[in-house]
Amino acid sequence: MRKVIGIGETLLDIIFREGQPTAAVPGGSVFNGIVSLARAGVPVCFISETGNDRVGDIILRFMRDNGIDTTHVNVFREGKSPVSLAFLDERSDAEYLFYKNYPAQRLDVDLPRIDEDDIVVLGSYYALAPVVRDKVTELLDRARTAGAIVYYDPNFRASHKEEAIRLAPTIIENLEYADIVRGSQDDFAYMYGLRDADRIYKEKVKFYCPNFLCTSGDGTVALRTPRVVKDYPVRPLQAVSTIGAGDNFNAGIIYGLLKHGVRRRQLDQTDETTWDAVVQCGMDFAADVCLSFGNSISSQFAQAHRL
């Protein structure tokens with residue numbers, strides 16, 4: 001059975017509403033989606049790092065409880081596990097403060113085996129950070145050699161906006177490795193000053209990666225591929241928290257690719273009907289995660305969608 005391999009940070013999200021802490025949930029951009037896929041019965045593997053402390057213990061236990069092997073998680077003794085404070089506004093969107101104290105030696109782990117048509121997921125600043133870049137590119141080179149699908153979500157935050165020019169060569173390198181790129185309008189506004197999906201695709205993505213998805217919160221989902229140009233309306237809902245919505249949209253797309261048997265060699269030629277079904281999976285996963293303070297799909301949703 002095909003598996004999904006993610007690489008990214010793990011941290012503890014402490015969620016505030018109206019100035020008061022409401023929940024504490026293990027999280028991380030790629031991690032949130034990997035947890036959802038594991039709950040839905042997809043074989044997963046996650047490459048990450050955490051501290052040898054109480055927060056690290058919470059994260060590792062959470063991974064094991066969700067059926068995620070911790071073999072490829074580096075537990076470091078110097079430094080502390082990262083924590084984020086997420087402050088929800090009246091629209092349930094989050095503003096973040098991050099607290100990180102990593103050691104000098106980073107991501108000292110063996111990489112898992114990658115097979116043809118597996119899906120490798122990367123994203124956020126973790127996919128750009130110089131200190132772990134060698135391990136990220138080693139994983140991407142192995143994915144390319146094996147014939148795996150590479151799924152890249154830039155997830156580029158406002159806090160890195162001033163670094164966009166300096167990080168541009170690494171972003172381009174990730175786009176070149178990628179078979180699918182999914183980003184939000186905000187990501188591309190911070191990176192390139194662009195919000196129009198067609199311009200982003202034609203000017204910044206298409207040359208490197210032919211398959212592109214652009215989301216806009218509660219607006220439309222834009223799909224651009226060699227065969228399909230389509231915009232999908234998003235069903236409105238009353239969100240409890242939008243934390244993890246984009247991460248779980250990614251998880252739903254990956255779930256859809258697996259469910260509908262889309263393999264790397266046929267990805268660029270996938271027809272509209274198949275993409276309709278795959279994008280619907282992405283929207284369904286994202287909608288479910290907005291209904292709670294969890295960063296991943298609920299157990300009930302997962303049970304109804306097990307592969």
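Quick summary incoming for the structure in this document.

### Side note on the overall build of the protein
Reasoning step 1: A tally of helices and strands in the protein yields nine helices and 13 strands.
Reasoning step 2: Its C-alpha radius of gyration of 18 Å places the protein within 12% of the 19 Å reference for a compact globule of 307 residues.
Reasoning step 3: Here the protein holds 307 residues, and 57% of them are scored as buried.
Reasoning step 4: Within the protein, residue pairs in contact and separated by at least 24 positions form 73% of the contacts whose partners lie at least 6 positions apart.
Reasoning step 5: Total accessible area on the protein stands at roughly 13700 Å², and carbon and sulfur atoms take up 47% of it.
Reasoning step 6: Where the 35 positive side-chain charges of the protein centre and where its 42 negative ones centre are 2 Å apart.

### Here we look at the side chain of histidine 72
Reasoning step 1: By the element assignment, histidine 72 lies in the loop between helix 2 (54-65) and strand 5 (73-76).
Reasoning step 2: For histidine 72, a relative accessible area of 12% puts it in the buried group.

### Digging into a nonpolar patch on the surface
Reasoning step 1: A surface patch of nonpolar side chains, about 290 Å² in accessible area, is lined by Phe87, Leu97 and Tyr99.
Reasoning step 2: On the secondary structure map, leucine 97 appears in strand 7 (residues 94-101).
Reasoning step 3: Overall, the relative accessible area of 42% leaves leucine 97 in the partly exposed class.

### Focus on the packing of helix 7 (residues 245-259) against helix 8 (residues 272-289)
Reasoning step 1: Here helix 7 crosses helix 8 at 145°, and the two axes come no closer than 7 Å. Handedness of the helix 7/helix 8 crossing: right-handed. Every residue of helix 8 that contacts helix 7 at Ala245, Asn248, Phe249, Ala251, Gly252, Ile253, Tyr255, Gly256 and Leu257 is listed here: Val278, Val279, Cys281, Gly282, Met283, Phe285, Ala286 and Val289.
Reasoning step 2: Counted by class, the contact of helix 7 with helix 8 contains 13 nonpolar, four polar and no charged residues.

### As for helix 1 (residues 29-39)
Helical periodicity: at 3.6 residues per turn, an α-helix aligns residues three or four positions apart in one direction.
Reasoning step 1: Extensive coverage of helix 1 is indicated by the burial of ten of its eleven residues.
Reasoning step 2: Ser29, Val30, Phe31, Asn32, Gly33, Ile34, Val35, Ser36, Leu37 and Ala38 are the residues of helix 1 that are buried.
Reasoning step 3: Of the residues one or two after helix 1, glycine 41 is the one with positive phi, at around 90°.

### Let's talk about the sheet that holds strand 6 (residues 80-88)
Reasoning step 1: Read from one edge to the other, the open sheet built from four strands follows the order 3-2-6-7, with strand pairing classed as mixed. Of all strands in the sheet, those bounded by a partner on one side alone are strand 3 (20-27) and strand 7. With strand direction ignored, the average angle separating the axes of adjacent strands in the sheet is 20°.
Reasoning step 2: Of the pairings in the sheet, the one linking strand 2 (residues 11-17) to strand 3 comprises seven bridges and is antiparallel in character. The residue of strand 3 that forms the bridge with isoleucine 14 is alanine 24.

### Observations concerning the packing of aromatic side chains
Reasoning step 1: For the structure on display, the rule yields eleven aromatic pairs.
Reasoning step 2: Note on phenylalanine 188 and phenylalanine 212: the rings are 5.5 Å apart at their centroids and 75° apart in plane angle, and the pair reads as edge-to-face. Here phenylalanine 212 lies in strand 11 (residues 211-215) and phenylalanine 188 lies in helix 5 (residues 185-192), a separation of 24 residues in the sequence.
Reasoning step 3: A relative accessible area of 1% means that phenylalanine 188 is categorised as buried.
Reasoning step 4: Assessed through its relative accessible area of 0%, phenylalanine 212 is described here as buried.

### So, helix 4 (residues 164-177)
Reasoning step 1: For helix 4, spanning 14 residues, the distance from its first C-alpha to its last is 19 Å, which sits close to the expected 20 Å at 1.5 Å a residue.
Reasoning step 2: Most pronounced at threonine 170, the bend in helix 4 amounts to some 30°.
Reasoning step 3: Within helix 4 the residues assigned to the buried category are Ala164, Leu167, Thr170, Ile171, Asn174, Leu175 and Tyr177.
Reasoning step 4: Buried residues along helix 4 sit against strand 8 (119-123), helix 3 (133-146), strand 9 (149-153), strand 10 (180-184), helix 5 and helix 6 (197-205).

### Quick notes on the packing of helix 4 against helix 5
Reasoning step 1: Viewed as axis vectors pointing N to C, helix 4 and helix 5 meet at an angle of 125°, and their least axial separation amounts to 10 Å. On the basis of the axis angle, helix 4 is oblique to helix 5. Here helix 4 contributes Ala164, Ile171 and Leu175 to the contact with helix 5, which in turn contributes Tyr190, Met191 and Tyr192.
Reasoning step 2: For the contact of helix 4 with helix 5, the class distribution of residues is six nonpolar, no polar and no charged.

### Considering the sheet that holds strand 11
Reasoning step 1: Reading across the sheet, the nine strands line up as 5-4-1-8-9-10-11-12-13 and stay open at both edges, with mixed pairing between neighbours. Each of the sheet's edge strands pairs with one partner strand only, and the pair in question is strand 5 and strand 13 (229-232). This sheet shows a mean twist of 15° between the axes of neighbouring strands, independent of strand direction.
Reasoning step 2: Here strand 1 (residues 4-7) pairs with strand 8 via three bridges, running parallel. Along strand 8, the bridge assignment pairs valine 4 with isoleucine 119.

Conventions adopted
Residues numbered from 1 in each chain as written. Predicted model: local features only at pLDDT ≥ 70, side-chain atom pairs only at ≥ 80, totals over all residues. Heavy atoms only, no water. Helix = DSSP H or I, 4+ residues; strand = E, 2+ residues; numbered from the N terminus. Rg over C-alpha atoms; globule rule 2.2 N^0.38 Å. Buried < 20%, exposed > 50% of the residue type's maximum accessible area, 1.4 Å probe, protein only. Contact = heavy atoms within 4.5 Å. Areas by Shrake-Rupley, 256 points an atom, 1.4 Å probe, with all protein chains shown as cover. Lys, Arg positive; Asp, Glu negative; His and termini not counted. Charge placed at Lys NZ, Arg CZ, Asp CG, Glu CD. Patch = residues over 30% accessible without salt bridge, like charges linked within 9 Å, V, L, I, M, F, W, Y side chains within 5 Å. Salt bridge = Lys/Arg side-chain N within 4 Å of Asp/Glu carboxyl O. Axes fitted to C-alpha atoms, helices over the stretch in contact; angles between N-to-C directions. Left-handed = near helix turned anticlockwise from the far one by under 90°. Nonpolar A, V, L, I, M, F, W, Y, C, P; charged D, E, K, R; others polar. Pairing = 2+ DSSP bridges. Phe/Tyr/Trp six-rings, centres within 6.5 Å; stacked < 30°, edge-to-face > 60°. Expected span 1.5 Å × (residues − 1). Bend = angle between axes of the 7 residues up to and from the residue. Parallel < 35°, antiparallel > 145°, perpendicular 65-115°, else oblique.

Everything listed here is a matter of geometry and, on its own, says nothing about what the molecule does.
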